[in-house]
Amino acid sequence: MASTTRGKRPLSPHLTIYRPQVTSILSIIHRATGVAMAVSMALVVWWLLAAATGPEYFALVDGLLTSWLGALILIGSAAAFFYHLLNGIRHMWWDIGNGFEMQQVTASGMAVLAGTAVLTVILLVIAF
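None of the values given here were measured: they were computed from a predicted structure. (Residues numbered from 1 in each chain as written. Predicted model: local features only at pLDDT ≥ 70, side-chain atom pairs only at ≥ 80, totals over all residues. Heavy atoms only, no water.)

**So, a nonpolar patch on the surface**
How we decide: Patch construction takes residues with relative accessible area above 30% that form no salt bridge. Like charges are linked within 9 Å, and nonpolar side chains (Val, Leu, Ile, Met, Phe, Trp, Tyr) are linked within 5 Å. Note that accessible areas follow from Shrake-Rupley with a 1.4 Å probe, and for residues the cover is restricted to the protein chains shown. By salt bridge we mean one thing: a side-chain nitrogen of Lys or Arg within 4 Å of a carboxyl oxygen of Asp or Glu. Helix and strand labels come from DSSP, where a helix needs a run of H or I of at least four residues and a strand needs a run of E of at least two; each type is numbered from the N terminus.
The grouping of Leu-64, Trp-68, Leu-69, Leu-72 and Ile-73 at the surface amounts to a nonpolar patch, some 530 Å² of accessible area in total. The element contributing the most residues to the nonpolar patch is helix H3 (residues 68–95), with four residues. Relative to the elements of secondary structure, Leu-72 occurs in helix H3.

**Some thoughts on the environment of Leu-60**
Secondary-structure assignment places Leu-60 in helix H2 (residues 55–65). When the C-alpha positions of Leu-60 and Ile-17 are compared, they lie 48 Å apart, and in sequence the two are 43 residues distant.

**Section: the packing of helix H1 (residues 22–53) against H3**
Quick reminder of the rule: Note on method: axes are straight lines fitted to C-alpha atoms, helices fitted across the in-contact stretch only, with angles between N-to-C directions ranging 0 to 180 degrees. Roughly parallel refers to an angle under 35 degrees, roughly antiparallel to one over 145, roughly perpendicular to one between 65 and 115, and oblique to any angle outside these ranges. Helix crossings fall into two classes, left-handed where the near helix is turned counterclockwise from the far one by less than a right angle and right-handed where it is turned clockwise. Should any heavy atoms of two residues lie within 4.5 Å, those residues are counted as being in contact.
Two elements in contact, H1 and H3, have axes whose closest approach is 8 Å; the angle formed by their N-to-C orientations is 130 degrees. As the angle between them shows, H1 and H3 are arranged oblique. The chirality of how H1 crosses H3 is left-handed. On H3, the residues that touch Leu-26, Ile-29, His-30, Thr-33, Gly-34, Ala-36, Met-37, Ser-40 and Leu-43 of H1 are Ile-73, Ser-77, Ala-80, Phe-81, Tyr-83, His-84, Asn-87, Gly-88 and Arg-90.

What follows is the structure in C-alpha cells.
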C-alpha cells in the first residue's frame, strides 16, 4: 500500500537550491560538448551524402558549411572536441584515484579550460 507521507517529504535538491561550483559547471559543459560533437558529426555525414548525391547539391551544402556560419560552427566543434578530450583525460586521471583534493579538482578544471582555448587557437592559426 502507498505511503500517506509521500507528499510531505522534501523534494530532491536541484539547480535552484545549489550554487554553481566549478565541478558542476564543467560537468554540464562536458555533456553539452558531447551533444555538440554529435550534431557536428551529423553535419559531416550531411556533407558526405551531398558529395555522393551530385555536384549541385554538394555545392549548396559546401557553400553553407564554408560560409562564416559554417566557420563558426567548425570553430565551436573544434572547441567542443578539445574540451571533451581534455576533460575525458581528466576523468581518466580520477579513475585511477588521483586528483581528488578540492584544490586539485579546481586546478585541473581550469587547466582543461585553458587547454581547450590554447588548442583551439593553435588549430585556428594552422587552419587559417
